[in-house]
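Residues per chain are reported as follows:
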Amino acid sequence: MKKISLIGAGNIGTILAYDISRKNLGDIVLIDKVDGLAEGKCLDLSQSLAVDEIDLSIKGSTDISNIKDSDAIIITAGIPRKPGMSRDDLIETNFKVMESIGEAIKKYSPKSFVICVTNPLDAMVWSLKKITGLKKNMILGMAGILDSARFKFFLSKLLNISISNIDTMVLGGHGDTMVPLLDYTTISGIPLNEYIKSNNINEKEIKKIVERTRKGGGEIVSLMKNSSAFFSPAVSAIEMLESFLKNQRKILPCSAYLDGEYNIKGLCVGVPVCIGSNGIENIIELNLTKNEESQFKKSVLAVDELIKKCKKLLV
Ligand code: APR
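Predicted model, so just to flag it, every value in this text is computed and none were measured.

Conventions and cut-offs
Residues numbered from 1 in each chain as written. Predicted model: local features only at pLDDT ≥ 70, side-chain atom pairs only at ≥ 80, totals over all residues. Heavy atoms only, no water. Near = heavy atom within 4 Å. Polar contact = N/O pair within 3.5 Å; in protein donor to acceptor, adjacent residues only side chain to side chain. Areas by Shrake-Rupley, 256 points an atom, 1.4 Å probe, with all protein chains shown as cover. Helix = DSSP H or I, 4+ residues; strand = E, 2+ residues; numbered from the N terminus. Nonpolar A, V, L, I, M, F, W, Y, C, P; charged D, E, K, R; others polar. Buried < 20%, exposed > 50% of the residue type's maximum accessible area, 1.4 Å probe, protein only. Arc of directions from axis to C-beta. Contact = heavy atoms within 4.5 Å. Expected span 1.5 Å × (residues − 1). Pairing = 2+ DSSP bridges. Right-handed = clockwise from strand over helix to strand, strands pointing away. Salt bridge = Lys/Arg side-chain N within 4 Å of Asp/Glu carboxyl O.

### So, the site of the ligand
Neighbouring residues of the ligand: 19 residues in total, closest Asn11, Ile12, Asp32, Thr76 and Asn119. The backbone of Ile12 places a nitrogen or oxygen atom 2.9 Å from an oxygen atom of the ligand. The backbone of Ile79 places a nitrogen or oxygen atom 3.0 Å from an oxygen atom of the ligand. Compared with its free state, where it exposes 730 Å², the ligand has 86% of that area covered by protein. Looking at the shell around the ligand, the element that brings in the most residues is helix α3 (residues 91-108), giving three residues. Of the residues contributing to the shell around the ligand, the split by class is eight nonpolar, nine polar and two charged.

Given below as structure tokens:
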């Protein structure tokens, strides 16, 4: 059995534990700093597995040393945003959380594959990489799959087409500057731009969708007020986890440490990566249009500003 540790037993951590157990992906360790929270949830979840006749070990604890020798770790610990906040407003609080968790990963499980979900995403992935010393192929952030899923959902509603016919990719930082790639969006293989022309779809409607995608997380926060999205972030992280555990070699947009790719060195930002049993098998470099390239550069600059803040917090 693989060992999967989930750090953070809040909204996203709970859905992760539920879904991972139902998919029987491995034994689960759930960690939260709140006394009894992870333990109680794990006891409840284990009892629910008895109904579905699934044999798995699920352990909840406040003691992070239980992550020892995990195959994979997903981090959702930290605070989510409240209405009116941007992801970037979480930086100081969540950086401290990454510092303590990063030290624990370095000590107890330095060879695991780590997926970060905590925001501001790209800056947290960068900080974790720095603190843990993990190899660049073993740490990723979950953002692009979620952003692409939102874009896909809005497009499927606008075009009145099955979501399964839409293929798309959102790159860049996980914030308002993210870049939905219209030129890499297809409807059952038909390039989106051709599709909208032949079906008389107003381009303004597509622009609105791009904007709604960029602000998709905030829209949910303003509706729920006391929490941010949790179903879609959880299943997006599980798609990355499964590709690693089962060596599926899926190409997925994720926040990865760039070491010269896209002419960027030393930053974490959303790009397409192939995930297999070695973690990141390779990073795919796309040819972007001039417009997309300038949007991508703007997004990278926004991420760079946040990473600079983390660098200051590190010393
Ligand atoms: N160690 C362990 N658990 C911690 C720590 C820590 N140092 N700090 C905070 N936590 C726990 C909290 O006790 C809480 O149970 O992390 C959990 C976070 O859960 P929620 O508040 O429900 O947040 P969630 O919706 O799961 O989002 C978590 O993911 O998408 C991002 O922006 C989101 O940064 C946020 C993160």
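### Examining the environment of Gly216
With respect to the helices, strands and loops of the structure, Gly216 is situated in helix α8 (residues 216-224). A relative accessible area of 3% means that Gly216 is categorised as buried. Separated by 65 residues in the primary sequence, Gly216 and Phe151 have C-alpha atoms spaced 8.8 Å apart.

### A few points about α8
Residues separated by three or four positions in an α-helix point in the same direction, a consequence of the helix having 3.6 residues per turn. Inspection of α8 places Gly216, Gly217 and Val221 among the buried residues, and these make up the whole buried set. What you see down the axis of α8 is that its buried residues fit within an arc of 140 degrees, all on one side. In this structure, the buried residues of α8 make contact with α5 (144-159) and α7 (203-214). Residue Lys225 follows α8 closely and has a positive phi angle near 65 degrees.

### What to know about α3
The end-to-end C-alpha distance of α3, which contains 18 residues, comes to 25 Å, matching closely the 26 Å that a straight helix rising 1.5 Å per residue would cover. Looking only at α3, the buried set comprises Ile91, Asn94, Phe95, Met98, Ile101, Gly102, Ala104 and Ile105. Taken together, the buried residues of α3 touch β1 (3-7), β4 (72-75), β5 (113-116), α4 (121-132) and α10 (290-314).

### Let's talk about the side chain of Ser148
Mapped onto the secondary structure, Ser148 falls in helix α5. A polar atom in the side chain of Ser148 sits 3.1 Å from the backbone nitrogen of Val170. Not counting the four nearest positions on each side in its chain, Ser148 is found in contact with Thr168, Met169, Val170 and Pro253.

### Points about the pairing of strand β3 (residues 58-61)
The pairing of strand β2 (residues 27-31) with β3 spans four bridges and is classified as parallel. In the sheet register, Ile28 faces β3, and the bridge partner there is Ile58. Tracing the backbone out of β2, into helix α2 (residues 37-52) and back to the parallel element β3 gives a crossover that is right-handed.

### Quick word on the pattern of salt bridges
Oppositely charged side chains can form a pair if their charged atoms are brought close together. Taken as a whole and assessed by the stated rule, the structure comprises 15 salt bridges. Close ionic contact of Lys308 with Asp304 constitutes a salt bridge, the shortest N to O distance being 3.7 Å. You can see Lys308 and its partner Asp304 sitting in helix α10, four residues apart, about one turn around the helix. Residue class for Lys308 comes out partly exposed when judged on its relative accessible area of 42%. Ionic contacts of the salt-bridge type, sharing partners, join the residues Lys23, Glu242 and Lys246 into one network.

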